[in-house]
Amino acid sequence: MDSRYEVVIGLEVHVQLTTKTKIFCGCSKDFGQQPNSQTCPVCLGLPGALPVLNRQVVEDAIKAGLATNCQIAPRSIFARKNYFYPDLPKGYQISQFELPICEHGWLNIETEENGQKKIGITRIHMEEDAGKLLHSDGDSSQVDLNRACTPLLEIVSEPDMRSADEAIAYLKQLHQIVVYLGVCDGNMEEGSFRCDANVSIRPWGQEEFGTRAELKNLNSFRFIKQAIEYEVERQADLIDDGGTVVQETRLFDADKGTTRSMRGKEEAHDYRYFPDPDLVPLVVSDDWVDSVRGALPELPDSKLARYQQELGLPAYDAGVISAERDLAEYFEALVALHDNAKVCANWVMGEVSRALNENGIPVTACPVSPQLLAGILERIADNTISGKIAKTVFEDVWNTGKTADQIIDEKGLKQVTDTGAIESILDEVIAANQGQFEELKGGKDKLTGFFVGQVMKASKGKANPGMVNQLLKKKLEG
Amino acid sequence: MQLTDQTIHQLHQRLSSGEISSVALTEAYLQRIEQTDPEVNAYITICRDAALADAAAADKRIAAGDIDLLTGIPLALKDIFNSEGLRTTCGSKILDNFVSPYDATTVARLKARGAVILGKLNMDEFAMGSSNENSAAGPVRNPWDGERVPGGSSGGSAAAVAARQAVATLGTDTGGSIRQPAAHCGVVGLKPTYGRVSRYGVIAYASSLDQVGPLARDVEDCATLLGAVAGYDPADSTSVDRPVPDYLATLKDGVNGKRIGLPREYFIDGLDADVKCAVERAIETYRTLGAEIVDVSLPHTDYAVACYYLIATAEASSNLARYDGVRFGVRRDEGEGLIGMYQQTRAAGFGEEVKRRIMLGTYALSSGYYDAYYLKAQKVRTLIRQDFLDAFENVDLLLTPVAPTPAFKIGEKVDDPLQMYLSDIFTIPVNLAGTCGLSLPCGLSADGLPIGLQLIGKPFAEDELLQAAWAFENATDFSQLPQLAADR
């Protein structure tokens, strides 16, 4: 990143909510349906139709506000943002302007240079989405209003980020939170989580902000980083050459990795915001906020800390497992059944994740339930099977849905713990590898593994490796 | 007495006794409309087939013993109400071809009771006007004098009742649009408290002021119709969840002991002498009926018209943005791109007064002017509402003229919007205050034109308003019917 100037970034994130119905009418917000099939007089903006606020949208906004340390306004107001566009049926968008539902929040992010850093969240407000224009050949376009009136949260940060990396860290954290809360599916490509970045630069030490450009069309973390970095360079070069940055909206071009001006389309809009007289002020009681707070899931930050402090997991393991709510819940269900948290974490990050990836299924559909997996882990813990055999048992449980005990029984996988039987195999191995045994005796410890391995092989994996080790030690001493 | 001269309560008895059928009654009305509408022009759309089908269905219900006060009664709607399958123009060229796919809640409520919808009534375009001269369907002529306006914007709704082209009608009132035409046409009109009646499906002019209400031949019909449409509607967030009283049950309770306030700001110099005289006689009548007459003050009255023309136009400028030619209505597109399509559609589709108000409202909401105009007007509105609430601490009702003059001549004020705006000077404050008001006939001018008396009630006290109106109506005889050319 350019070091000639200090970079200042503020982000506006649009989060599409996962409610069943739209924000101001009862239409389903199923996507991929026939154009204009998910519409009614309200979302078509027909004469005389009136909006009625979807309670679930308010609840989701409160959740997002609480999870980002915002104050929830006891009274907030919907406002009309007036502009003409064919995808905007009423000629105005119902949004919130002067009194949004959430204000004064913050998130902590991890930065490479400075450790933890607090990023302010100015506000979160509710609004409706517009429809979509389908541009066909020739000079006409088609309007699809299925998406019109679907609920969005707009989450506006303070201009607190000082690099593209900080911006990405903030966005990833916010993304994780809204997905965790279950209010958003997090799909960036499909636009469920979209970001506009306000980017400016200023000479080091200057307090006043530089003129900002607003970057749009950023639909992946990678593009956001590219776009910000390109824009910073562009502004720095411009200023160094004696030019000035103009306040404008710039579109990111993913193919070229550049941003270009949208000027002309965007000339100083006056949106003529005013309170929407069709909607009464939204009053949110303390009781409502408390009940939402009480039902909030544990957030990733808190899980991360708890996994380390209470379960003794290494930071890496805690990070991987807490990153995704469903995985964390799987892990927590497992830990409740099996008390060795580290072993649980190894299996969740290892076999479970591998098998899920290979089969392309989410953890919520994992055929090996935490109960079944705990059954396997118990048999390792009580020495019935070795860790290695356990992996084949896992495969069988995955494929058949049977319990570990059933499979161990059916396949005769029970570990050999009979000292006599193991000793006789060990004796055969020593007899067949007399030379190496002498070397081992002479202090070449590395060969321990060889002998244990040979015994395991000869026993088809069923010998208890711990006992093999003990017996081998005895032979060496003897 | 002609069938078409009768009231809801009279017709209800004859329908329920089987003396007449709804089909016959509807036929009589359709015939009357055919005879008289060329001189009145109250109807934009006459729904003959649908009305006769409604009537036949009503007759079946009645035969099965399922009869409500409105079952089989021929009514008509201001063309601002969405009504499924019927053309709904709102008096505008821009909606000339708009056939609504849905019913307004109020229309659905009337249909559920078995009412017959005769058609859609003329009005000032988008309810903007005080004379019904701003209609794409041409002016409505006052049944009392064809040279004169019927008032507006519900001019068709008032004229149709006076001309016996419907038993009763629904209108809307944003700044006087029910009460002023009711006064000019000599019928009873009621603007309910804001939130009393659902606005869902009623084309919006100024959302924070618009309210649906009845126009009828007498107070009892007015009470009946209000009772049928009033009440909470989950589809309208501004409708109020509060039980609807039985207006008919208390209608005849009288005004003995009621305190009636006369706001001194409403008895001004510019008041027409005949109007003044008629209202003064009405005051005497109330005194005789046992009411106590009290002098009160509504000190912010002078600001009401200015305040109204900022708030109403601001809301209208936004409400009318949806008429863009994209999804419905008449589109003009002469191939100059999207902006060109918007400009051509709206330039051709809207009339002069609508354009004037869109521009006024757009200006009032503009960045840099918002605080000085819209926000200031909202503050003044609060003061005006407080004036009324303060007055109602001491009195039960207020009594005022409805309009400063009787109906004026067609064309008389079209070139002077400010004079036109002042014809609503006594009705506008009631909308700003969000309370209820009623207009009822209280005499005729020297020219034989009806004069209206306005009663203003406390929020949600429509029952008291109707009681006081009924007491006056019962004690006087001002409910004459105008003679049309077709009647002579």
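Predicted model, so just to flag it, every value in this text is computed and none were measured. (Residues numbered from 1 in each chain as written. Chains lettered and ligands numbered in written order. Predicted model: local features only at pLDDT ≥ 70, side-chain atom pairs only at ≥ 80, totals over all residues. Heavy atoms only, no water.)

Here we come to the overall build of chain A. Broken down by element type, chain A carries 15 helices and 16 strands. In terms of C-alpha radius of gyration, chain A reaches 30 Å, well past the compact-globule figure of 23 Å for 478 residues. If one aligns the C-alpha atoms of chain A with their principal axes, the spans along those axes are about 95 × 55 × 50 Å. Sequence separation of 24 or more characterises 68% of the internal contacts of chain A that already satisfy a separation of 6 or more. Summed over its atoms, the accessible surface of chain A is roughly 22,500 Å², and 48% of this surface lies on carbon and sulfur atoms. If the 51 positive side-chain charges of chain A are averaged to one point and the 73 negative ones to another, these points end up 4 Å apart. (Helix = DSSP H or I, 4+ residues; strand = E, 2+ residues; numbered from the N terminus. Rg over C-alpha atoms; globule rule 2.2 N^0.38 Å. Contact = heavy atoms within 4.5 Å. Areas by Shrake-Rupley, 256 points an atom, 1.4 Å probe, with all protein chains shown as cover. Lys, Arg positive; Asp, Glu negative; His and termini not counted. Charge placed at Lys NZ, Arg CZ, Asp CG, Glu CD.)

Right, let's talk about the sheet that holds strand 7 (residues 115–128) of chain A for a bit. Residues and elements named next belong to chain A. If you trace the 9 strands from one edge of the open sheet to the other, you get 2-6-7-10-1-11-12-13-14, paired in mixed fashion. Sheet topology places strand 2 (71–72) and strand 14 (258–261) at the edges, where each strand pairs with a single neighbour. Bridge count between strand 6 (residues 102–111) and strand 7: 9 bridges; the pairing is antiparallel. Paired with Asn108 across the bridge in strand 7 is Lys118. Relative to the sheet, helix 2 (residues 164–181) contacts strand 1 (6–16), strand 6, strand 7, strand 10 (151–157) and strand 11 (193–202), its axis offset from that of strand 6 by approximately 115°. (Pairing = 2+ DSSP bridges. Axes fitted to C-alpha atoms, helices over the stretch in contact; angles between N-to-C directions.)

What follows concerns unusual backbone geometry. Residues and elements named next belong to chain B. Residue Ser153 follows Gly152 across a cis peptide bond; omega there is 5°. Locating Ser153 in the fold gives a position in the loop between strand 3 (116–121) and helix 5 (155–162). With phi around 60°, Asn41 is a residue other than glycine that occupies positive phi space. Mapped onto the fold, Asn41 is located in the loop between helix 2 (22–40) and strand 1 (43–46). A positive phi angle, close to 65°, is found at Ala127, a residue other than glycine. Inspection of the secondary structure assignment puts Ala127 in the loop between strand 3 and helix 5.

The next subject is the interface of chain B and chain A. On the side of chain A, 31 residues touch chain B, which itself brings 39 residues to the contact. Of the roughly 2,700 Å² buried at the junction of chain B and chain A (both faces included), carbon and sulfur atoms supply 59%. The three residues of chain B that bury the most area against chain A are Ser237(B), Arg322(B) and Arg327(B), which together make up 22% of that side's buried surface. The tally of links between chain B and chain A comes to 1 salt bridge. We note a salt bridge from Asp278(A) to Arg199(B), for which the minimum N-O separation is 3.1 Å. Linking chain B with chain A are 18 residue pairs in polar contact (both at pLDDT 80 or more). Residue assignment for the side of chain B that touches chain A shows that the elements contributing at least two residues are helix 9 (304–319), helix 10 (337–349) and helix 11 (352–365) of chain B. (Buried area = accessible area lost by both parts, 1.4 Å probe. Salt bridge = Lys/Arg side-chain N within 4 Å of Asp/Glu carboxyl O. Polar contact = N/O pair within 3.5 Å; in protein donor to acceptor, adjacent residues only side chain to side chain.)

Side chains on a regular strand alternate between the two faces of the sheet. All names here are of chain B. Counting buried residues in strand 7 (residues 259–263) gives 4 out of 5 residues, a clear majority hidden from the surface. Note: strand 7 against strand 8 (residues 292–296), 5 bridges, orientation parallel. When the sheet's bridge partners are listed, Leu262 is paired in strand 8 with Asp295. A crossover connection joins strand 7 to the parallel strand 8 through helix 8 (residues 273–288); in handedness this β-α-β unit is right-handed. (Buried < 20%, exposed > 50% of the residue type's maximum accessible area, 1.4 Å probe, protein only. Right-handed = clockwise from strand over helix to strand, strands pointing away.)

Here the focus is the packing of aromatic side chains. For the structure shown, the criterion picks out 27 aromatic pairs over all chains. Relative to Tyr273(A), the ring of Tyr271(A) has its centre 6.2 Å away and its plane inclined at 70°; by these criteria the two rings are edge-to-face. With centroids separated by 6.4 Å and ring planes inclined at 85°, the aromatic side chains of Tyr323(B) and Phe350(B) adopt a geometry described as edge-to-face. Here the residue Tyr323(B) occupies a position in the loop between helix 9 and helix 10, and Phe350(B) occupies one in the loop between helix 10 and helix 11, the gap between them amounting to 27 residues. Comparing Tyr323(B) with Phe350(B) shows no difference in burial state: the two are buried. Among the aromatic residues, those joined into a cluster by ring pairs are Phe98(B), Phe126(B), Tyr323(B), Phe328(B) and Phe350(B). In this arrangement the basic side chain of Lys118(A) is found over the ring face of Trp106(A), its NZ or CZ atom lying 4.4 Å from the centre. Here the guanidinium or amino end of Lys413(B) rests over the ring plane of Phe408(B), the centre of that ring lying 4.3 Å away. (Phe/Tyr/Trp six-rings, centres within 6.5 Å; stacked < 30°, edge-to-face > 60°. Lys NZ or Arg CZ within 6 Å of the ring centre and 35° of its normal.)

All names here are of chain B. Mapping Cys185 onto the fold places it in helix 6 (residues 179–185). Take Cys185: its relative accessible area is 1%, and that puts it in the buried class. In the structure, Cys185 is positioned 222 residues away from Ala407 in sequence and 8.1 Å away in space, judged by C-alpha atoms. If sequence neighbours within four positions are ignored, Cys185 has contacts with Asn142, Pro143, Trp144, Pro150, Ala158, Ala159, Ala162 and Pro450.

The next thing to look at is the side chain of Arg217(B). Residues and elements named next belong to chain B. Mapped onto the elements, Arg217 comes out in the loop between strand 6 (211–216) and helix 7 (219–229). Buried and unpaired, Arg217 has Asp5 as its nearest opposite-charge partner, separated by 5.8 Å. One polar contact links the side chain of Arg217 to the main-chain carbonyl oxygen of Thr4, over a distance of 3.3 Å. Only 3.3 Å separates the side chain of Arg217 from the backbone oxygen of Val161, close enough to count as a polar contact. Beyond its immediate stretch of four places on either side in the chain, Arg217 contacts Thr4, Asp5, Gln6, Thr7, Tyr29, Val161, Arg164, Ala166, Val167, Val188, Glu473 and Leu481.

Another point: the domain arrangement of chain A. The assigned domain composition of chain A is domain 1 (5–287), domain 2 (298–411) and domain 3 (419–477). Once you take the C-alpha centre of each, domain 1 of chain A and domain 3 of chain A turn out to be 66 Å apart. (Domains from an automatic or database assignment.)

All right, on to the pairing of strand 12 (residues 213–218) of chain A then. Residues and elements named next belong to chain A. For strand 11 and strand 12, the ladder comprises 4 bridges, and the chain directions are antiparallel. The residue bridging Asn198 from the neighbouring strand is Glu214, located in strand 12. The parallel pair strand 12 and strand 13 (residues 248–253), bridged by helix 3 (residues 221–240), forms a crossover whose chirality is left-handed.

This paragraph deals with the packing of helix 6 (residues 315–322) of chain A against helix 8 (residues 341–359) of chain A. Residue and element names in this part refer to chain A. Where helix 6 meets helix 8, the axes come as close as 11 Å, and the angle between the chain directions of the two elements is 55°. In this view, helix 6 runs oblique relative to helix 8, as classed from their interaxial angle. In this structure, helix 6 crosses over helix 8, and the sense of that crossing is left-handed. Only Lys342, Ala345, Asn346 and Met349 of helix 8 make contact with helix 6, whose side of the interface consists of Tyr316, Asp317, Val320 and Ile321. Looking at the contact of helix 6 with helix 8 residue by residue, the classes come out as 5 nonpolar, 1 polar and 2 charged. (Parallel < 35°, antiparallel > 145°, perpendicular 65-115°, else oblique. Left-handed = near helix turned anticlockwise from the far one by under 90°. Nonpolar A, V, L, I, M, F, W, Y, C, P; charged D, E, K, R; others polar.)

Pairs can form between side chains of opposite charge whenever their charged atoms are close. Enumeration over the complete set of coordinates arrives at 62 salt bridges over all chains. Two residues, Arg354(A) and Glu351(A), come together in a salt bridge whose shortest N-O distance is 2.7 Å. Separated by 3 residues within a single helix, Arg354(A) and Glu351(A) lie in helix 8, roughly one turn from each other. A salt bridge links Arg179(B) to Asp173(B), with the shortest nitrogen-to-oxygen separation between them at 2.8 Å. The pair formed by Arg179(B) and Asp173(B) is uniform in burial state, with each residue classed as buried. Several salt bridges converge on common partners, so that one network encompasses Arg80(A), Asp276(A), Asp278(A), Arg199(B) and Asp236(B).

What follows covers a negative patch on the surface. A surface patch of like charges, here negative, comprises Asp139(A), Asp333(B), Glu334(B) and Glu336(B). Relative to the assigned elements, Glu334(B) resides in the loop between helix 9 and helix 10. Overall, Glu334(B) belongs to the exposed group, its relative accessible area being 54%. (Patch = residues over 30% accessible without salt bridge, like charges linked within 9 Å, V, L, I, M, F, W, Y side chains within 5 Å.)

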